[in-house]
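Chain by chain, the residues:
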Amino acid sequence: MAPLLTPVLTLIARHRVLSVLLFLLIFPWLMPYEALAVNILIFGLYAVGFNLLFGYTGMLSFGHAAFLGVGSYLTGMSIVHAHLHWLIAIAIGVGASGLVGALMGHLAIRTRGIYFSMVTLALGQIVYYGFYKAERWTGGENGLRGVTVPAFEFAGLTIDFTNPVTKYYVMLGFVAIALGLVSRILASPFGAVIEAIRENEKRAAACGYDVARSKLLVFVLSAAICGLAGSLRAIHLSVVPIDSLHYLQSGQAVMMCLLGGMGTFFGPFVGAAVFLYLEDVVTTLTRHWMAVVGTIFMVFILFFPRGIWGSLIGRWERATTPSAQT
Amino acid sequence: MNAPLIQRHAMDVQADILIEARHISRQFGAFQALTDISVQFRAKHLCAIIGPNGAGKSTFFNILSGAIAPSSGSVLFQGQDITGLEPHEYARRGIAKSFQITNVFKQLSAHENVRVAVQMRHARFDFFSPRAKLAGVAQTAQALLERVGLASLGQKPAGDLAHGQQRSLEVAMALAADPQLLLMDEPTAGMSPEETTVMMDLITELAAERTVILVEHKMKLVMGICKTLIVLHHGQLLAQGSPEDIRANPEVRRVYLGQG
Amino acid sequence: MVELTPQLLGLQLVTGVALGAIYALLAVGLSLIFGMLTVVNFAHGAFFMVGAFLGIYFQTLTGSFALSLVITPLVVGSVGMLAERFLVRPLYGRGIDYPLLLTFGLSYVLIELMRVLFGIEGLPSSTPAMLRGSVDLGIGRFPLYRLVLIGATAAVVLGLWLMIEKTRFGLIIRAGSRDPEIVRVLGVDVARVWLLVFGLGTAIAGLSGVLAAPTRAVNPEMGITVLAESFVVTVVGGMGSLMGAVVAGLLVGVVFSMTSLLAPEFAELSIFVLMALVLLVRPQGLFGKAGLMG
């Protein structure tokens, strides 16, 4: 490990939220265009929410698109149909995702391990078809259109979401809050419980932890965070495509997490960034993006299961004593 | 309840019944694993469940510890019916167990294993306090590690510990809940003679302060230290009583002919 | 509004059975792979799709539907075996999620592969000449092909059942499903069994694709919804049970079919709602063993 890298990573590990936010602050200037940065920010949050359930608790859900989509649609519909303030619309989006998460989680947690993935995929499809059919509210196949937030004054500045840079930093505010929350939870006693559940469910139960209830709680938290990502996405795109709810969108969260590094704090962002950047580049070169991403995903599963950031952290852990993960 | 269930020793007139099995039966498909077992276990009595292989000891143990439910019958703990409750509810009521096949958090350090177990009593759904600040929890965990002789191995991943050390770790985790009842399924399985002696000493120590029920098939180990023995055979209760009673019991001798 | 005569309902029921037959086959394949390898094949829909494409291809090539019914599953099964040997097998020790994830990635590649080979629009599919036309069932006329489909599926399921119950290979499958360790201890070449079972499972998926092709649009995306539907059937029936796969498959097919007639808006939703209900009442599925679920 390069001699400079170890102390840097140690510093990052100790102040993970701050480090990530610092990085995200300068991030737009690293990207070829700002809209990509916004996209990565949003999907990074989506992956963080998913990672809470998969990377940290060990539950592989294929239904998380439901939360991204519900967040998007409920925020969108609040703005388009109910003409609510965008902040309220976001709150509604997050709340609704949490609720759907509670319902889905209640049904899905009755199953274990390998069934969980199938059940969550199928339950997610209920949400997909539900929104697809409710054309009057959701626009059906064409999606929801017209999710626009008018420019407004704040602290003497004019905030206009048509400017991608402005949009980015406003959304970063939300992401910062979410990341702070996630970090707090992971560092809390509850965080130890969910990791114990991932390591050995039976053992955790034998210690006296109510595994089912803990799982449900993480599920709802995870759903709410993905819902926030969805809410931001609706505002970002000004439309909500119906495919937001399809299970392939769930698969995207899985891929991003694995690419970046499951069970690490920063990994999901790395994964989202790599995935979306690659998509941006590859789709200009070839039509066969699906084959490319599928192959990369398989390669990572076979040879780099810890992901990009995860592998880096792994080497850092071996260079130092086993301590807190980033 | 005619027959005297467990012989009273003069000193233990105060001891009351901690956990009781009433008419426990268990089938697995067509196979009858246990038939109508009724036993009362007294508090602060070191008791062992013994019997030949296939006698149903592990099944009975699993029912007592809440891992599986009986097909019929009930389990009472301190007078309350706990049959069929979730495993974590058993743990919360003060029943701790160590598994037959060592079951620890392999990737976590030994210290973290115990710390997680201790944490259960203090802060379960706390989302916000940094757990590193729960100093009391960490200290208790360290003390427990010392108790079982693993103080210096705290930072090692539990999966890297020697077999006997992992079993000791499990005992530490079981103790973390400060249980009134400690259930141990073949605690010395796979241990060397030295490790076995250490474990049996620890068990004797623990039995002085709380109730311990063992499942063991090494007769010699339990004869010396247990107050009461329960003998199972083909899923039925064959005999129960003090080691002397059991040794003299003709049924038991017949069943164990040729075995230690 | 179409008049709902008993005849119409009856015909719709039979349509449901034909649809259910495909679902049953798919679920059987999934269940086999899961039972033996503890792998949920997220590429199952993709193999179905590949089967549909290759079925048409071989039929065009040889001029015989019957021949393509034989060749296509063999080819699809071979692809499956290659995948198992080189992609899935390295992951068995790693934890239950990894093989699943790999098959998910594989599905992406298979979909794109078919796009490259056959174009993004898909292939036109039609009922084989010999099997066109309709049959009078007493309650009305019903497409001959769909009856053949039901018959073919029944034959395959029967053949599988015989194989599992009566042959040595089947014995190994049954033993392995109960306890993978025992199989190993008995000296059986477990790796070869995994290979063959995965091949068999994917071959069955491919076969269902060939059979289903004349009844629906054949395009690279056709397997995507089918995967979700297979999962529904599996959850409803209970994983690891042949009977469960068949009964649940037929049930799901009928539910979909009847809902299409009686409340068309809710047709797709209906089967997922069915699954949700089963989860509420009996999480292990109709024929599943408690303990695997909940």
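Since this is a predicted model, take the numbers as computed values, not measurements.

What counts and what doesn't
All residue numbers refer to position in the chain's written sequence, counted from 1. As a convention, the first chain written is A and the first ligand written is 1, with the rest following in written order. At least 70 in pLDDT is required for a residue's local features to be given in this predicted model, at least 80 for side-chain atom pairs to be given and counted, and no such filter applies to totals for whole chains, interfaces and linings, which use all residues. Helix numbers and strand numbers start at the N terminus; a helix is a DSSP run of H or I with at least 4 residues, a strand a run of E with at least 2. Burial is judged by counting the other C-beta atoms within 10 Å of a residue's own C-beta: 20 or more makes it buried, 12 or fewer makes it exposed, and any count in between marks it as partly exposed, with every C-beta position built from the backbone. Two residues qualify as a contact pair if the distance between their C-beta atoms, derived from the backbone, is within 7 Å. Radius of gyration here uses only the C-alpha atoms, and the compact-globule reference equals 2.2 Å multiplied by the residue count raised to the power 0.38. The pairing criterion is simple: DSSP has to find at least two bridges between the two strands. Working convention: axes come from line fits to C-alpha atoms, limited for helices to the stretch in contact. Angles between N-to-C directions cover 0 to 180 degrees. Should the near helix be turned counterclockwise from the far one by less than a right angle, the crossing is left-handed, whereas a clockwise turn marks it as right-handed. Nonpolar residues are Ala, Val, Leu, Ile, Met, Phe, Trp, Tyr, Cys and Pro. Charged residues are Asp, Glu, Lys and Arg, and all others, Gly as well, are polar. Expected span, for any helix, means 1.5 Å times one less than how many residues it has. Residue ranges assigned to each domain were obtained from an automatic or database domain assignment. In these notes the angle categories are as follows: under 35 degrees is roughly parallel, over 145 is roughly antiparallel, 65 to 115 is roughly perpendicular, and the rest is oblique. Here pLDDT means the predictor's own confidence in every residue, given as a number from 0 to 100.

## Overview of the overall build of chain A
Along chain A, the regular secondary structure elements total 15 helices and four strands. Taken along the three principal axes of its C-alpha coordinates, chain A extends 55 × 45 × 45 Å. Taken across its 326 residues, chain A has 57% of its residues classed as buried. Contacts in chain A between residues at least 24 apart in sequence constitute 76% of all its contacts with a sequence separation of at least 6.

## Examining the overall build of chain B
Scanning chain B from terminus to terminus reveals nine helices and 10 strands. Relative to the globule expectation of 18 Å for 260 residues, the C-alpha radius of gyration of chain B, 19 Å, shows essentially globular dimensions. Each principal axis of the C-alpha distribution contributes one length, and for chain B these read about 60 × 45 × 40 Å. Contacts in chain B between residues far apart in sequence, at least 24 positions, make up 67% of those at least 6 positions apart.

## Considerations on the sheet that holds strand S2 (residues 31-42) of chain B
Residues and elements named next belong to chain B. Ordered by their spatial adjacency, four strands build an open sheet running S2-S1-S4-S5, and the pairing between neighbours is antiparallel. Whereas interior strands pair on both sides, the edge strands pair on one side only; in this sheet they are S2 and strand S5 (80-81). Against the sheet, helix H1 (residues 57-65) makes contact with strand S1 (17-28), S2 and strand S4 (72-77), and its axis sits at roughly 125° relative to S1, the strand it touches most.

## Examining the packing of helix H5 (residues 86-108) of chain A against helix H11 (residues 211-237) of chain A
Residue and element names in this part refer to chain A. Between H5 and H11, the shortest axis-to-axis distance is 7 Å and the interhelical angle comes to 145°. The two elements H5 and H11 meet at a crossing, and its hand is right-handed. Contact residues: H5 offers Trp 86, Ile 90, Gly 93, Val 94, Ala 96, Ser 97, Gly 98, Val 100, Gly 101, Ala 102, Gly 105 and His 106, while H11 offers Leu 216, Phe 219, Val 220, Ser 222, Ala 223, Ala 224, Cys 226, Gly 227, Leu 228, Gly 230, Ser 231 and Ile 235. Here the contact of H5 with H11 is composed, by residue class, of 14 nonpolar, 10 polar and no charged.

## Here's the deal with helix H9 (residues 222-237) of chain C
Residue and element names in this part refer to chain C. Between its first and last C-alpha, H9 extends 23 Å over 16 residues, near the 22 Å set by a 1.5 Å rise per residue. The buried count for H9 comes to 14 of 16 residues, which makes it a mostly enclosed element. Once H9 ends, the next one or two residues include Gly 238, with phi positive near 100°.

## Looking at the sheet that holds strand S3 (residues 46-50) of chain B
Residue and element names in this part refer to chain B. Ordered by their spatial adjacency, six strands build an open sheet running S6-S7-S8-S3-S9-S10, and the pairing between neighbours is mixed. Among the strands making up the open sheet, the edge pair consists of strand S6 (95-98) and strand S10 (236-241). With strand direction ignored, the average angle separating the axes of adjacent strands in the sheet is 15°. Pairing geometry for strand S9 (residues 228-233) and S10, over five bridges, is antiparallel. Note that in S10 the partner of His 233 across the bridge is Gln 236. Running at roughly 150° to strand S7 (residues 181-185), H1 makes contact with S3, S6, S7, strand S8 (211-215) and S9 of the sheet. Strands S6 and S7 of the sheet are contacted by helix H5 (residues 163-176), whose axis makes an angle of about 170° with S6.

## Structural notes on the environment of Leu9(C)
Residue and element names in this part refer to chain C. Within the secondary structure, Leu 9 is located in helix H1 (residues 6-37). Using a count of 13 C-beta atoms within 10 Å as the deciding quantity, one classes Leu 9 as partly exposed. Between the alpha carbons of Leu 9 and Met 258 there is a distance of 7.6 Å; along the sequence they are 249 residues apart.

## Focus: the domain arrangement of chain B
In terms of domains, chain B is made up of domain 1 (1-8 + 15-94 + 179-260) and domain 2 (103-163). Distance from the C-alpha centre of domain 1 of chain B to the C-alpha centre of domain 2 of chain B: 28 Å.

## Description of the interface of chain C and chain A
Facing 37 residues of chain C, the contacting portion of chain A comprises 34 residues. Mapped onto the side of chain C that touches chain A, the elements with two or more residues apiece are helix H4 (97-118), H9 and helix H11 (267-281) of chain C. The element that contributes the greatest number of residues to the side of chain C that touches chain A is H4(C), accounting for 14 residues. Within the side of chain C that touches chain A, the residues separate by chemical class into 29 nonpolar, four polar and four charged.

## Some thoughts on the interface of chain A and chain B
Each partner contributes residues to the interface: chain A has 22 residues there, and chain B has 27 residues. It is helix H9 (residues 189-199) of chain A that provides the largest number of residues to the side of chain A that touches chain B, a total of seven residues. Class assignment of the residues belonging to the side of chain A that touches chain B gives a composition of 13 nonpolar, four polar and five charged.

## Quick notes on the pairing of S4(B)
Residues and elements named next belong to chain B. As paired strands, S1 and S4 are joined by five bridges and run antiparallel to one another. Bridging from a neighbouring strand, Ala 21 pairs with Val 75 of S4. Here S4 pairs with S5 via two bridges, running antiparallel. Among the inter-strand pairings, Leu 76 is bridged to a residue of S5, identified as Asp 81. The turn linking S4 back onto S5 is made up of two residues, and Gln 78 within it adopts a positive phi angle of 50°.

## Examining the packing of helix H4 (residues 135-147) of chain B against H5(B)
All names here are of chain B. Packing of H4 against H5 brings their axes to within 9 Å, and their N-to-C directions diverge by 135°. Considering the angle they form, H4 stands oblique to H5. As for how H4 packs across H5, the hand of that crossing is right-handed. Seen from H4, the contacting residues are Leu 144, Leu 145 and Arg 147; seen from H5, they are Ala 172, Leu 175 and Ala 176. Along the lines of polarity and charge, the residues of the contact of H4 with H5 split into five nonpolar, no polar and one charged.

## Regarding the confidence of the model for chain B
All names here are of chain B. Taken over all residues, the pLDDT of chain B has a mean of 85, while the share at 70 or more is 92%. Residue range residues 1-14 is modelled with pLDDT below 50. Its contacts to residues more than four positions away, or to other chains, number 10 contacts. Listed scores for the predicted complex are pTM 0.89 and ipTM 0.92.

## Considering the environment of Phe67(A)
Residues and elements named next belong to chain A. For Phe 67, the position within the fold is in helix H4 (residues 65-80). On the neighbour-count criterion, Phe 67 (37 C-beta atoms within 10 Å) is buried. Taking the C-alpha atoms as reference points, Phe 67 and Ser 231, separated by 164 residues in sequence, lie 9.7 Å from one another. Aside from chain neighbours lying at most four places away, what touches Phe 67 is Ser 97, Val 100, Gly 101, Ala 223, Cys 226, Gly 227 and Gly 230.

## Concerning the environment of Ala253(A)
Residues and elements named next belong to chain A. Considering the arrangement of structural elements, one finds Ala 253 in helix H12 (residues 247-260). Between the C-alpha atom of Ala 253 and that of Phe 67, which follows or precedes it by 186 residues, the distance is 11 Å. Beyond its immediate chain neighbours, meaning those up to four positions away, Ala 253 contacts Tyr 46, Ala 47, Phe 50 and His 64.

## Considering unusual backbone geometry
Of note, the phi angle at Lys44(B) is positive, near 55°, even though the residue is not glycine. Along the chain, the position of Lys44(B) falls in the loop between S2 and S3. Exposure remark for Lys44(B): the 17 C-beta atoms within 10 Å place this residue in the partly exposed category. Despite not being glycine, Thr38(C) shows a phi value in the positive range, around 50°. Tracing the chain through its elements places Thr38(C) in the loop between H1 and helix H2 (44-62).

## Describing the pairing of S6(B)
All names here are of chain B. Covered by surrounding structure in S6 are Ile 95 and Lys 97 together with Ala 96 and Ser 98, the residues of both alternating faces. In this structure, S6 lies alongside S7, joined through four bridges in parallel fashion. Along S7, the bridge assignment pairs Lys 97 with Leu 183.

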